[in-house]
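# Observations on chain architecture
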Amino acid sequence: MQRKYSLSFLTVADVSPVEAVKIAAECGYAAVGLRLLPAAPNEADYPILIDPALLKETKAALQDTDVQVADVEIIRIEPEFEPKKYLQFLDVAQQLGAKHILIAGNDPEHGRLIQNFAQFCELSKQYGLSCDLEFMPWTDVKNLLQAEQIVKASGQDNAAILIDSLHFDRSDSTLEQIKALNPQYLNYVQLCDGFAKYDPSDTGLIKIARSNRLVPGQGEIDLISLIRALPENITLAAEVPNLILAERPALERAQINLNAMKQLVAEAQQNAVTG
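It should be emphasised that the depicted structure is a prediction, and the values quoted were computed from it without experimental measurement.

### Here's the deal with the environment of T235
- Here T235 shows up in strand β8 (residues 235–238).
- In this structure, the C-alpha to C-alpha distance between T235 and A39, residues 196 residues apart in sequence, is 23 Å.
- If we ignore the near neighbours within four places in the chain, the residues touching T235 are K4, Y5, S6, N187, Y188 and V189.

### Some points on the packing of aromatic side chains
- The final tally for this structure, using the stated rule, is four aromatic pairs.
- For the pair F81 and Y86, a centre-to-centre distance of 5.3 Å together with 20° between the ring planes defines the contact as stacked.
- Pairing Y86 with F120 gives two aromatic rings, centres 6.2 Å apart and planes at 85°, and the pair type is edge-to-face. Residue Y86 is found in the loop between β3 (68–77) and α4 (87–95), and its partner F120 is found in helix α5 (residues 110–125); the two are separated by 34 residues along the sequence. The pair Y86 / F120 is uniform in exposure class, with both members buried.
- Members of the aromatic cluster, connected to one another through ring pairs, are F81, Y86 and F120.
- A cation sits over an aromatic face here: R170 above Y198, 3.9 Å from the ring centre.

### A word on the sheet that holds strand β2 (residues 31–35)
- The strand order β1-β2-β3-β4-β5-β6-β7-β8 describes a closed barrel built from eight strands, whose pairing is parallel. The average undirected angle you get between the axes of adjacent strands in this sheet is 30°.
- Pairing of strand β1 (residues 5–7) with β8 involves three bridges; the strand directions are parallel. Directly across from L7, in β8, lies its bridge partner A238.
- Across the sheet, α4 lies against β3 and β4 (100–105), angled at about 170° from β3, the strand it touches most.
- Along the sheet, helix α6 (residues 144–154) makes contact with β5 (130–134) and β6 (159–164), crossing β6 at roughly 165°.

### Thoughts on the side chain of E73
- Here E73 shows up in strand β3.
- Given a relative accessible area of 1%, E73 falls into the buried group.
- Polar contacts involving the side chain of E73 include one to the side chain of R35, which spans 2.7 Å.
- For E73, the residues in contact, after removing those within four places along its chain, are F9, L34, R35, L36, L37, F89, L102, Q190 and E239.

### Focus: the nonpolar core
- Y29, I75, F89, I101, F117, I161 and I163 are the most contacted members of the largest nonpolar core, which has 96 residues in total.
- Considering each element in turn, this core owes the most residues, eight residues, to helix α11 (residues 250–274).
- Apart from the residues within four sequence positions on either side, Y29 is in contact with Y5, S6, L7, A24, V67, A238, A254, N257, L258 and M261.

### Some points on the side chain of S165
- Examined against the element boundaries, S165 turns out to sit in helix α7 (residues 165–170).
- A distance of 2.9 Å separates a polar side-chain atom of S165 from the backbone oxygen of C192.
- Among residues more than four places away in sequence, those in contact with S165 are Q190, L191, C192, I221, L223 and L226.

### Some details on unusual backbone geometry
- Cis geometry is found at the peptide bond from E73 to I74, where omega equals -15°.
- By the element assignment, I74 lies in strand β3.
- You will see that D66, though not glycine, has its phi angle at about 65°, which is positive.
- Tracing the backbone shows D66 in the loop between α3 (52–65) and β3.

### Thoughts on the packing of α5 against α6
- It is at 9 Å that the axes of α5 and α6 come closest, and there the two elements cross at 55°. Comparing the axis directions of α5 and α6 gives the class oblique. Helix-helix and strand crossings are classified by hand; for α5 and α6 the assignment is right-handed. Packed against α5, whose contacting residues are H110, L113, I114, F117 and A118, the element α6 presents Q146, I150, V151, A153 and S154 at the interface.

What counts, and where the lines are drawn
Residue positions are given per chain, counting from 1 as you read along its sequence in written order. Where local features are concerned, this predicted model is filtered to residues with pLDDT of at least 70; where side-chain atom pairs are given and counted, the filter is 80 or more; whole-chain, interface and lining totals use all residues. Hydrogens and water are ignored here; the side-chain numbers use all heavy atoms of the structure. Helix numbering and strand numbering both begin at the N terminus, where a helix is a DSSP run of H or I of at least 4 residues and a strand a DSSP run of E of at least 2. Two residues qualify as a contact provided that any one of their heavy atoms is within 4.5 Å of a heavy atom in the partner residue. Centres within 6.5 Å are what make two rings of Phe, Tyr or Trp a pair, Trp counting through its six-membered ring; a difference in plane orientation under 30 degrees is then read as stacked, over 60 as edge-to-face, and the rest as tilted. Any residue under 20% of the maximum accessible area for its type is buried, any over 50% is exposed, and the rest in between are partly exposed; the area is computed with a 1.4 Å probe on protein chains only. Counting as a charge over the ring demands two things of the Lys NZ or Arg CZ atom: a distance within 6 Å of the ring centre and an angle within 35 degrees of the ring normal. Two strands are counted as paired when DSSP detects at least two bridges linking them. Only C-alpha atoms enter the line fits that serve as axes; for helices the fit covers just the stretch in contact. Angles between N-to-C directions range over 0 to 180 degrees. Residues adjacent in sequence count toward polar contacts only when both atoms are side-chain atoms; beyond that, a polar contact is any pair of N or O atoms within 3.5 Å, and within protein one must be able to donate a hydrogen and the other to accept it. Residues enter a nonpolar core if they are buried and are Ala, Val, Leu, Ile, Met, Phe, Trp, Tyr or Cys, with the set joined through side-chain atoms within 4.5 Å. The labels follow the angle: roughly parallel below 35 degrees, roughly antiparallel above 145, roughly perpendicular from 65 to 115, and oblique for the rest. Note on convention: near helix rotated counterclockwise from far helix by under a right angle means a left-handed crossing. Clockwise means right-handed.

Printed below as a string of structure tokens:
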């Protein structure tokens, strides 16, 4: 089975979804990630959610290129979460042929978070989508162990965990925990790199995550060991927002990150043979 790669939204956030699909195809990605809902309260809804013409054009680009939509962003489960508010989101995601929904846990009451997550999983299942809970140190799902506990407790067969290499490195999660995971909990993994020294405050972590990630292999995170700990053929997604890199054309950025991921996979395989 050939390894698949996906181009996450934040790597080319400055281009339209149609252009993102075309860039992915030209570089050799099998899939893209698209953002439908804003990540912050002060951001407007993304056009593809509310513009039928743009949705139609994006669907045509997907069909023409054979690129798939791996994931759509972003659902935040907060204390007042109401799953049925997201029916339009789910409908658009289904029309795009998306496979997974990126979920953030923003409720300190984990009992309520689990209940709302389970309800959204049930609703999403009707649209053929998995719910992939991403742990981030500044949210209320801070590490892999917490994410696993919530996914297990939900009791839903489309509940999953999203591992982001930056958040994995910044949390107290371990490679042993990844190796012990049920492989069914993992659909795709987001890759980027980072420096060993960083501001550990929530503000510092968020700033790096949103604008100062490094191309895989250009930092100090042990990505080779991470890749080796994962299921062998899991989809790897490049999520590399970087203000300096953003000065280059989106196509160039996408290609740089795809080449970097492929190089890391080759090194991980070589280490497995010789190690």
